[in-house]
Amino acid sequence: MRLICLDDDPRVEGVLGRFLRRLQHDVSFHRSITPFKAAFLDEPPDAVLLDLGLGRESGIDVIHWLADVDVEVPILLLSGHGDHVLDTARRIATASGIRVLGAVSKARFVTELPAILARDVKPAPAGKPELGDRTRLSSRELEGFIGAGLVEPYFQPIVFPGDGSLRGVEVLARLRLPDGAVLSAEDFIALAESSGLLYAVTEALFGRLIAMRGTLAVLGLKFLSVNLSQETLRDPRILGLVSRLVAGLAGTCAIKIEVTETTMSADPQTMRTAAAQIQLLGVSLAIDDFGVGYSSVRALAELPFDTLKIDLSFVAEMLDSGKALRVVHAIVAFGRSLGLQLIAEGVETEEQRQLIASHVDLAQGHLFGEPMTGDALLCKFPGHAASAPCPSRVCP
């Protein structure tokens, strides 16, 4: 692996250089920012080792510069200032779109660097394929697509983390265009909201779910989660729509409504009323992205939630950050004390699963499956669908 290191301590070059070359890495060192930037731009490396303390400028300045040059090279953070600074720098880098391989105290780099560098430095995940003008829908086009039945549900598995067995699904709206391209919610929901079509999207999605009752019954799901936005919860028609979904899937699976803390704090009185009325329909409530907003605890105290979903940002950081791991443990203890079901979001690696498995009831994330069609879900979990043939068009 070809590495470039920026550290103003001359002792680091000798110690770290010998150590990294013994691990068969090609590494160049720079003690000041200007030559580092020139070398980086001349030939971008496989990864950057970045010290946070650099005299007049800091590693934080370099992080912002790396984000501005928009070259997708991961970084590994080094510091002698303690784990709290490393945790903060990692969050700054991640929020800036930079992939962080790890954050290591200089006192521990001899023991921790080999494991970090032994991981494959894979290219950052490719973005969604460019859909060009197909994402620039007009409200008239969107209304037509909704009327033509092109809104469809995708399902992300929610599993028991111990063995990966399917327990529920989170439903995510997709729009399948006439040419076969599939748009994710972020490509059309904002337009639906600004055009007054959000209720129509929700109605179409719920209708498709009811039509899939047979498939859902075969899967033996304990529950099905759907997300409702602030705008949808304010619509007086939503209670009738939720009631229709409950009746349409009666005897098949329970219904869970997911709302974010931000949604609940935007209009507390309206949201309290909607939450209470929804629960009276026999629907359970989950607070999504817990820990991101500053009013999450108050939302749990004031509203009838029975499920808490730990935000994926904490799950993603807990292997590299002792502070993030302690936050996860605190959220788990807090949720347990309130008798809430706990779901960990964003589980992407086996290491994360092992770490979280004994602490939460359920988990979801790309390790267990990305959002998929109903047919693909039947194939992914054949043990749950033994009585149903696997559709050959979606199974290898």
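Right above here is the structure, for reference.
Reading guide: rules and limits
- Residues numbered from 1 in each chain as written.
- Predicted model: local features only at pLDDT ≥ 70, side-chain atom pairs only at ≥ 80, totals over all residues.
- Heavy atoms only, no water.
- Helix = DSSP H or I, 4+ residues; strand = E, 2+ residues; numbered from the N terminus.
- Buried < 20%, exposed > 50% of the residue type's maximum accessible area, 1.4 Å probe, protein only.
- Contact = heavy atoms within 4.5 Å.
- Axes fitted to C-alpha atoms, helices over the stretch in contact; angles between N-to-C directions.
- Parallel < 35°, antiparallel > 145°, perpendicular 65-115°, else oblique.
- Nonpolar A, V, L, I, M, F, W, Y, C, P; charged D, E, K, R; others polar.
- Salt bridge = Lys/Arg side-chain N within 4 Å of Asp/Glu carboxyl O.
- Arc of directions from axis to C-beta.
- Pairing = 2+ DSSP bridges.
- Core = buried A, V, L, I, M, F, W, Y, C linked by side-chain atoms within 4.5 Å.
- Polar contact = N/O pair within 3.5 Å; in protein donor to acceptor, adjacent residues only side chain to side chain.

**A look at the environment of arginine 21**
Moving on, step 1. Looking at the secondary structure, you find arginine 21 in helix H1 (residues 10-22).
Moving on, step 2. Overall, arginine 21 belongs to the partly exposed group, its relative accessible area being 47%.
Moving on, step 3. Look past the residues within four positions of arginine 21 in its chain and what remains in contact with it is Val27 and Phe29.

**Some words on the packing of helix H8 (residues 198-211) against helix H11 (residues 238-248)**
Moving on, step 1. Their axes nearest at 9 Å, the elements H8 and H11 cross at an angle of 10°. Our classification of the angle between H8 and H11 gives roughly parallel. Touching Tyr199, Thr202, Glu203, Phe206, Leu209 and Ile210 of H8 are Ile238, Leu241, Val242, Arg244, Leu245 and Gly248, all from H11.
Moving on, step 2. Residue classes in the contact of H8 with H11 are distributed as eight nonpolar, two polar and two charged.

**Focus on the pattern of salt bridges**
Moving on, step 1. As enumerated under the stated definition, the model contains 10 salt bridges in all.
Moving on, step 2. For the salt bridge of lysine 309 with glutamate 170, the shortest nitrogen-to-oxygen distance reads 3.1 Å. One end of the pair, lysine 309, is in strand S14 (residues 307-310); the other, glutamate 170, is in strand S9 (residues 165-176), and 139 residues separate them in sequence.
Moving on, step 3. Across the pair arginine 237 and aspartate 235 runs a salt bridge whose closest N-O atoms are separated by 2.9 Å.
Moving on, step 4. Through salt bridges with shared partners, a single ionic network connects Glu170, Glu258, Lys309 and Glu345.

**Looking at helix H6 (residues 139-147)**
Moving on, step 1. Listed in full, the buried residues belonging to H6 are Leu142, Phe145 and Ile146. Along the axis of H6, the buried residues cluster in a sector spanning 100°; they form a single face. Exposed and facing more than 90 degrees away from the buried side of H6 are Arg140 and Gly147.
Moving on, step 2. Against strand S8 (151-160), S9, helix H7 (189-194) and H8 lie the buried residues of H6.

**Topic: the sheet that holds strand S1 (residues 2-6)**
Moving on, step 1. Taken in spatial order, the five strands make up an open sheet running S2-S1-S3-S6-S7, and their pairing is parallel. Where the open sheet ends on each side, the last strands, each with one partner, are strand S2 (26-30) and strand S7 (100-105). Between one strand axis and the next, the sheet turns by 15° as a mean value, whatever way the strands run.
Moving on, step 2. Note: strand S3 (residues 47-51) against strand S6 (residues 75-79), four bridges, orientation parallel. Paired with aspartate 51 across the strands is leucine 78, a residue of S6.

**Thoughts on the nonpolar core**
Moving on, step 1. Ranked by internal contacts, the top residues of the largest apolar core, which has 74 residues, are Phe155, Leu175, Phe206, Leu224, Ile257 and Leu308.
Moving on, step 2. Here this core gets six residues from one element, more than from any other, and that element is H8.
Moving on, step 3. One finds Ile33, Ile63, Ala93 and Ala103 within the second-largest nonpolar core, a separate group that totals 22 residues.

**A few points about the side chain of serine 284**
Moving on, step 1. Tracing the chain through its elements places serine 284 in strand S13 (residues 284-290).
Moving on, step 2. On the accessibility criterion, serine 284 (17% relative accessible area) is buried.
Moving on, step 3. Separated by 3.3 Å, the side chains of serine 284 and lysine 256 make a polar contact.
Moving on, step 4. Contact partners of serine 284, with chain neighbours within four places excluded, come to Ile255, Lys256, Ile257 and Asp306.

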